[in-house]
Amino acid sequence: MKLFEKIKTWFNPTQMHRAPQYGRGTHALPNPDERELFERASEAFVQGDILSGYEFFLSSLTHQDDTFSPSHLSIERTSETINFSLYQGYALIKGTVTPTFLEAYADIALSEKLHVAIKRRFLERDFQLTYCRFSHKDGVAKLSIRLDNATITPQKIFFPLREIALNADFEKEFIAGEFDELSLLDTQHLLSISRDVIESNYTFMHQWIQETRQSLIGLLSNDNTGMVSFSYLALLLQIDYLFLPHKKMAKNISEKINGYFTDDEKLTEDKNADLEQYLAELETMDIESFNTQFYNCPYTFSPFDQALHDEIAAFIEESLNKVRWYKNNRSNYVITVIYRYISLYILYNYGLHPSLRSLFHLHVEIYTSEFFKASGETPLYDPATQTFKQNLIAQRIRESIEPYMNRYKGLQNFAEHLNYSDLNHFSQSFYLQIKNLDYTEV
């Protein structure tokens, strides 16, 4: 390290970066001792100390900066058992561990209040699940698992627990969006969103829809289906990432986005029409209905499997090739939209290393500076003057990368290599640097 850089770090020590409070992740950083605790769990199981193995494993799931009360994960050990509970969105999972078995369950809803279609759905879902099963006991519909500890390993615990947590949350969300939410159990941990935030998001949603529609005037009747697709998809991805809707709104956005990428015989023009129609539905939604689609809650597991960096790099390269094609065909409008789309789609579709998640969030933040300014954040870009807060951007990049440089020796802070001429040049240089990051472990 150069002397100047060393002196600079003395006066500006690296802060452990914060996890973005947006998107469909855990909204917290993983336990910094996760790997060590996982290995200690394995050693304890090999030695036959089952309860200590489970205690180490469950501790490895604890988030570094859990701000929820109660915590997303609690563990209580006695001489003969471990009792634990964890939250995953709508779901509360309760479990008991003895030296011979683990049992865990999530109470879904009161059976007598469930629509018959839901009961039929549970029977069908059993065939899709690997570890857990739906059941009915004492008037309650449950999702549960049981593990034999004879040959237990951390991996044999992780995947069943993750499956029951993700699916209990998914089913309760589905019921809340499509049927009677009053039938659901264990929902006291859900936190309401302030009315000010709801009203602000509602206003921004209408503003973004109107701006998108205005930007496409003159394009819809021409051969510009790709440009229209990028505009509509980027907008829905932005709404989903920044607002984090739940229930029916989340389901509809997911169906519209995933439906667009379904390999079927439907024409792109028809898929665009579906996206446009749903945006019109969002525009006509009244604020009281909009309000019911939001809440805040803790999560233990990410819904994504972590992607290899090669996958992320390949998607960036493919997207930048599209940018070059539109540049060559002088379709300048769509270039900025594609740059915005890249980060939003990656955040929507991939499980990311915490540093990458923060970096892509940084890009979203730059392109939606007015939204973050309204949220009380210092804007990173001023659309009126078209200028960047270069020092703050550089600090955020440093905070995202430097905490991991000891583990990934090839990982480098790239802030000084960015082009701040304008948004397009910034994005091009930003994605090229992201694409070339080295996550090779020592």
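Report follows, based on the coordinates. Numbering of residues begins from 1 in every chain and follows the order in which that chain's sequence is written. Under the rules for a predicted model, residues below a pLDDT of 70 receive no local features and side-chain atom pairs below 80 are neither given nor counted, while totals for whole chains, interfaces and linings still include all residues. Note that water and hydrogens are dropped before the side-chain values are worked out from all heavy atoms of the structure.

With that out of the way, let us pick up the overall build of the protein chain. Secondary structure elements are taken from DSSP: a helix is a run of H or I of four residues or more, a strand is a run of E of two residues or more, and numbering for both begins at the N terminus. Helices and strands together make up the secondary structure of the protein chain, namely 16 helices and 8 strands. Only protein chains enter the calculation, and the probe is 1.4 Å; a residue is then buried if its accessible area is under 20% of its type maximum, exposed if over 50%, and partly exposed in between. Burial analysis of the protein chain (442 residues in total) assigns 50% to the buried set. Should any heavy atoms of two residues lie within 4.5 Å, those residues are counted as being in contact. Nonlocal contacts in the protein chain, meaning residues at least 24 apart in sequence, comprise 70% of its contacts between residues at least 6 apart. Of the roughly 22,000 Å² of accessible surface on the protein chain, a fraction of 49% belongs to carbon and sulfur atoms. Taking the average place of the 42 positive charges on the side chains of the protein chain and the average place of its 59 negative ones, the gap between the two points comes to 2 Å. The accessible surface values rely on the Shrake-Rupley method and a 1.4 Å probe; as for residues, cover is taken only from the protein chains in view. Charge assignment: positive for Lys and Arg, negative for Asp and Glu; neither His nor the chain ends contribute. One atom stands in for each charge, and that atom is NZ of Lys, CZ of Arg, CG of Asp or CD of Glu.

So, about the pattern of salt bridges. A carboxyl oxygen of Asp or Glu within 4 Å of a side-chain nitrogen of Lys or Arg is what we treat as a salt bridge. Tallied over the full model, the rule gives 20 salt bridges. With a closest N to O distance of 2.8 Å, arginine 77 and glutamate 55 form a salt bridge. Remark: glutamate 55 occurs in helix α3 (residues 50-60) and arginine 77 occurs in strand β1 (residues 73-77); sequence separation between them is 22 residues. Its relative accessible area of 30% is what places glutamate 55 among the partly exposed residues. The salt bridge partner of arginine 162 is aspartate 305, with a shortest N-O separation of 3.3 Å. With a gap of 143 residues between them, arginine 162 in helix α5 (residues 154-178) and aspartate 305 in the loop between α10 (287-291) and α11 (309-328) connect regions that are remote in the sequence. Via salt bridges that share partners, Arg35, Arg407 and Glu441 belong to a single interconnected network.

Aromatic rings from Phe, Tyr and Trp, taking only the six-membered ring of Trp, are treated as a pair when their centres fall within 6.5 Å; an angle between ring planes under 30 degrees marks them as stacked, one over 60 as edge-to-face, and anything in between as tilted. A full pass over the atoms with the stated rule returns 36 aromatic pairs. Between phenylalanine 371 and phenylalanine 372, the ring centres sit 5.3 Å apart and the planes meet at 85°, which makes this aromatic pair edge-to-face. Comparing phenylalanine 371 with phenylalanine 372, the two get one shared label, buried. Seen in terms of ring centroids, phenylalanine 426 and phenylalanine 430 are 5.7 Å apart; in terms of plane orientation they differ by 25°. Their pairing is stacked. Of this pair, phenylalanine 426 and phenylalanine 430 both sit in helix α16 (residues 423-435), separated by 4 residues, roughly a single helical turn. Comparing phenylalanine 426 with phenylalanine 430, the two get one shared label, buried. When the NZ atom of lysine or the CZ atom of arginine is within 6 Å of a ring's centre and also within 35 degrees of its normal, the charge is said to sit over that ring. Residue placement shows arginine 121 over the ring face of phenylalanine 174; its charged tip is 3.8 Å from the ring centre. The ring of phenylalanine 101 has arginine 146 sitting right over it, with the charged end atom 4.2 Å from the ring centre.

Simply put, an axis is a line fit to the C-alpha atoms, just over the touching stretch for a helix, and the angle between two N-to-C directions goes from 0 to 180 degrees. At a minimum axis separation of 8 Å, helix α13 (residues 354-367) and helix α15 (residues 390-401) run at an interaxial angle of 160°. As judged from the angle between their axes, α13 and α15 are roughly antiparallel. In the packing of α13 onto α15, the handedness of the crossing is right-handed. Side by side, α13 and α15 meet where Ser355, Ser358, Leu359, His361, Leu362, Glu365 and Ile366 of the first sit next to Ile393, Arg396, Ile397, Ser400 and Ile401 of the second. Asp, Glu, Lys and Arg are counted as charged, while Ala, Val, Leu, Ile, Met, Phe, Trp, Tyr, Cys and Pro are counted as nonpolar; the rest, among them Gly, fall into the polar class. For the contact of α13 with α15, a count of residues per class yields 6 nonpolar, 4 polar and 2 charged. Geometric relationships in this document are graded by angle, where less than 35 degrees denotes roughly parallel, more than 145 denotes roughly antiparallel, 65 to 115 denotes roughly perpendicular, and other angles denote oblique. Each crossing is labelled by how the near helix is turned from the far one, with a counterclockwise turn of less than a right angle marking it left-handed and a clockwise turn marking it right-handed.

Before going further, it helps to spend a moment on empty space enclosed by the protein. The way it works is a 1 Å grid over only the protein atoms, where trapped points that fit a 1.4 Å probe form a cavity and open points with protein on both sides within 12 Å along at least five of seven lines form a pocket, and then any residue with an atom within 4 Å of a point lines it. Grid points are joined across faces, edges and corners, and a volume is the space filled by probe spheres set on the points. Scanning the entire structure with this criterion turns up 2 cavities of 30 Å³ or more. Of the volumes computed, that of the largest cavity is approximately 70 Å³. Gln21, Thr26, His27, Ala28, His63, Asp65, Asp66, Thr67, Phe68, His72, Pro298 and Tyr299 together form the lining of the largest cavity. Each residue belonging to the lining of the largest cavity can be placed in one class, and the counts come to 4 nonpolar, 6 polar and 2 charged. Forming the walls of the second largest cavity are Ile209, Thr212, Arg213, Tyr232, Glu276 and Leu279. Only α6 (195-215) and α9 (268-284) provide two or more residues apiece to the lining of the second largest cavity.

Let us now look at the sheet that holds β1. Sheet architecture is open: 6 strands sit in the order β1-β2-β3-β4-β6-β5, paired in antiparallel fashion. Two strands lie at the open edges of the sheet, namely β1 and β5 (133-137), each paired on one side alone. Going across the sheet, the axis of each strand differs from the next one's by a mean of 25°, ignoring polarity. Any two strands with at least two DSSP bridges between them are considered paired. Note: β5 against strand β6 (residues 140-148), 5 bridges, orientation antiparallel.

Next up on the list: a negative patch on the surface. A contiguous patch of negative charge on the surface is contributed by Asp33, Glu36, Glu39 and Glu43. Considering the arrangement of structural elements, one finds glutamate 36 in helix α2 (residues 34-46). When its relative accessible area of 44% is taken as the criterion, glutamate 36 is described as partly exposed. Every patch collects residues that have over 30% relative accessible area and no salt bridge, joining them within 9 Å if they carry like charges and within 5 Å if they are nonpolar side chains (Val, Leu, Ile, Met, Phe, Trp, Tyr).

This part is about the layout of surface pockets. Size it by volume and the largest pocket reaches roughly 1,400 Å³. Taken together, 48 residues form the lining of the largest pocket, with Pro30, Glu34, Gln306, Leu352 and Pro354 sitting closest to its centre. Secondary structure elements with two or more residues in the lining of the largest pocket: α2, α3, α5 and α13. A volume near 1,000 Å³ is recorded for the second largest pocket. Arg24, Phe170, Ala250, Ser254 and Pro303 are the residues nearest the centre of the second largest pocket, which is lined by 32 residues in total. Sorting the residues of the lining of the second largest pocket by element identifies α5, α7 (225-243), α8 (247-260) and α12 (332-349) as the ones contributing at least two each. Of all the elements, α5 adds the most residues to the lining of the second largest pocket, at 8 residues. Partitioning the lining of the second largest pocket into residue classes produces 14 nonpolar, 10 polar and 8 charged.

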